[in-house]
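# Coordinates in review
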Amino acid sequence: MLQEKLYEYLLHLGDNSMILGQRLGELCGHGPELETDIALTNISLDLFGQVRNYFQAAAQIKGGDATEDTIAMLRYEHEYKNVYLVEQPNDDFAHVIVRQFFFDVYHQLLLNELIKSKNETLVAIAKKSIKEVDYHVDFSSTWVKRLGDGTEVSHEKMQTAVNTLWRYSMELFNATEVEQWAAESGVGPDLDALKPFYISRVEEVLHEATLTLPEETVFQYGAKTGRHSENMGYILVDFQYMQRAYPNMKW
Amino acid sequence: MLEISEEIEELLRSVSDPEIPVLSIMDMGIVRKVDFVDGTYKVDITPTYSGCPAMDTIGDDIVSAFNNNNLHAKINLVLAPAWTTDWITERGRKALEDYGIAAPRSAEVDKAALLGEANTIKCTNCGSVNTKMVSRFGSTACKALFQCNDCHEPFDYFKCLK
């Protein structure tokens, strides 16, 4: 029973990174400039590396034929536990950066708590990942400031992206049953307690970027429990294509 | 440090990072432990970055290096303690520099270079410290891209990871 919950919790952790990694991977060869293209795909690679660690641990719990690949590739849409934020499309560079920034700040706070987890595997993964994610936060924060406090056009595009994406931010802190279990048993953090830190860090960077959070926001919840947006189907069609078309194929 | 025989050390030293062929995995500090159990060498290696695509190849290369010497090896990937650039040996740092990759300095130096506060990373082409960071992310996860303001050559810098 405990192992089952831990398995579900590992999926929570892995799915966010995986779907965001996939979104960033779509940009390979399409970044606005070479260096940014490489940076975004590097971040994608970091995220996928972290996902492999989570899913290898999950596969061990599940046993049988389960591997990191079957867990990643062979679930149905409603079985993925990622938030709405990471499945949002790459509408333009402003959306890519703001989505990244909103996630990175959460990711950094989360990993800084996971290094205190009672689960040794999670501690090891978090200690490894945090070094990489510190870089991600630097990258996205720098771009938020540069574009927010840039030209009139870049500012407007950034503000639009902030207004669009902020509604998906609070889902990160809306604990599911499994995340509540993790908090109560010392495996994961109490997400609610992280929220004020998150908001103040986001506001700090946005302030420097001369951007503001929208005043009245109706926050969106539900993706974590499997009610994904339309985007998710399209992501999975791309993502799972090879395994669905050629079952058990190997690289 | 590692408790291994000279023969095994030499064998492991012959395996290098496929992305940076001049750098032996021993000098990179990714071999953490070698145990000999029931006729098989169990080699613990740790990734530099979680998503480093070279890890699988390195694991395969170690196994074949052992096989070529009629020995058996098994690879075990360990995550803790997490790898740091401090584990790159002096010899490794020298090999990097000779290859054209500036060796990692410190987190403070990285930050100063990023913010353009201080020019401390030495150009691997002309030796000038009048250099700038072009991108925090380079050709592989472990490198950042720099350019020399004097000779204008671009070069890689091995990011400091602590």
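Summary of the structure given here. (Residues numbered from 1 in each chain as written. Chains lettered and ligands numbered in written order. Predicted model: local features only at pLDDT ≥ 70, side-chain atom pairs only at ≥ 80, totals over all residues.)

Quick look at the overall build of chain B now. For chain B, the count of helices and strands is 5 helices and 9 strands. Going from the N terminus to the C terminus, chain B shows its helices and strands as α-β-β-α-β-β-α-β-α-β-α-β-β-β. Summarising its shape, the C-alpha atoms of chain B cover approximately 55 × 25 × 25 Å along the three principal directions. With 162 residues in all, chain B has 40% of them scored as buried. Counted over contacts in chain B with a minimum sequence separation of 6, partners at least 24 positions apart contribute 50%. (Helix = DSSP H or I, 4+ residues; strand = E, 2+ residues; numbered from the N terminus. Buried ≥ 20, exposed ≤ 12 C-beta atoms within 10 Å, placed from the backbone. Contact = placed C-beta atoms within 7 Å.)

Of the regular secondary structure elements, chain A holds 10 helices and 0 strands. When the helices and strands of chain A are listed from N to C terminus, the series reads α-α-α-α-α-α-α-α-α-α. A globule of 251 residues ought to have a C-alpha radius of gyration of about 18 Å, and chain A, at 18 Å, matches this closely. On the principal axes, the C-alpha backbone points of chain A span a range of 55 × 40 × 30 Å. Expressed as a percentage of its 251 residues, the buried residues of chain A come to 44%. Taking the intrachain contacts of chain A between residues at least 6 apart in sequence as the baseline, contacts between residues at least 24 apart amount to 74%. (Rg over C-alpha atoms; globule rule 2.2 N^0.38 Å.)

The pairing of strands in a sheet comes from backbone hydrogen bonds and takes either a parallel or an antiparallel form. Residue and element names in this part refer to chain B. Across the sheet, 3 strands lie side by side as β3-β4-β5; this open sheet has mixed pairing. Across the chains shown, the open sheet's two edge strands, defined by having one partner strand only, are β3 (31–37) and β5 (72–77). In this sheet, adjacent strand axes meet at a mean angle of 20° when their direction is disregarded. Summarising the sheet, strand β4 (residues 40–45) and β5 pair through 6 bridges and their orientation is parallel. Across the sheet, residue Asp-44 finds its bridge partner in β5, namely Asn-76. Along the sheet, helix α3 (residues 54–68) contacts β4 and β5; its crossing angle with β5, the most-contacted strand, is approximately 160°. (Pairing = 2+ DSSP bridges. Axes fitted to C-alpha atoms, helices over the stretch in contact; angles between N-to-C directions.)

Turning to the sheet that holds strand β6 (residues 101–102) of chain B, a few remarks are in order. Residues and elements named next belong to chain B. Reading across from one edge, β6-β9-β8-β7 is the order of the 4 strands in this open sheet, with mixed pairing throughout. Strands at the two margins of the open sheet, each flanked by one partner only, are β6 and β7 (131–135). By the bridge criterion, 4 bridges tie β7 to strand β8 (residues 143–148) in an arrangement that is antiparallel. Looking at β8, one finds that Ser-135 is bridged to Leu-145.

This paragraph deals with the packing of helix α1 (residues 2–25) of chain A against helix α2 (residues 34–62) of chain A. Residues and elements named next belong to chain A. Running from N to C, α1 and α2 cross one another at 160°; their axes reach a closest spacing of 8 Å. Comparing their axes, α2 and α1 come out roughly antiparallel. As for how α1 packs across α2, the hand of that crossing is left-handed. Residues belonging to the contact of α1 with α2 are distributed by class as follows: 18 nonpolar, 8 polar and 1 charged. (Parallel < 35°, antiparallel > 145°, perpendicular 65-115°, else oblique. Left-handed = near helix turned anticlockwise from the far one by under 90°. Nonpolar A, V, L, I, M, F, W, Y, C, P; charged D, E, K, R; others polar.)

This part covers the interface of chain B and chain A. Listed as interface residues are 15 residues of chain B and, on the opposing side, 20 residues of chain A. Taken together, the residues of the side of chain B that touches chain A break down into 10 nonpolar, 4 polar and 1 charged.

Turning next to the environment of Ile61(A). Residue and element names in this part refer to chain A. By the element assignment, Ile-61 lies in helix α2. The exposure class of Ile-61 is partly exposed, given the 16 C-beta atoms found within 10 Å. Sequence separation of Ile-61 and Tyr-7 is 54 residues, and the distance between their C-alpha atoms is 6.5 Å. The contact partners of Ile-61, leaving out residues within four places of it in the chain, are Gln-3, Leu-6 and Tyr-7.

Residues and elements named next belong to chain B. Pairing of strand β1 (residues 16–17) with strand β2 (residues 20–24), which is carried by 2 bridges, proceeds in the antiparallel orientation. Looking at the pairing, Ser-16 lines up with Ser-24 of β2. Two successive antiparallel strands, β1 and β2, enclose a turn made up of 2 residues.

Generally, phi is negative for residues other than glycine and the peptide bonds are trans, each holding for most cases. Put simply, Ala80(B) and Pro81(B) share a cis peptide bond, and its omega is -5°. With respect to the element layout, Pro81(B) can be found in the loop between β5 and α4 (90–99). Residue Thr210(A) is not a glycine yet carries a positive backbone phi of 55°. Following the sequence through the fold, Thr210(A) ends up in the loop between α9 (191–208) and α10 (230–245). Exposure remark for Thr210(A): the 13 C-beta atoms within 10 Å place this residue in the partly exposed category. Although it is not a glycine, Asn248(A) adopts a positive phi angle of roughly 65°. By the secondary structure assignment, Asn248(A) is in the segment after α10.

Function cannot be read off these values alone, since they describe shape.
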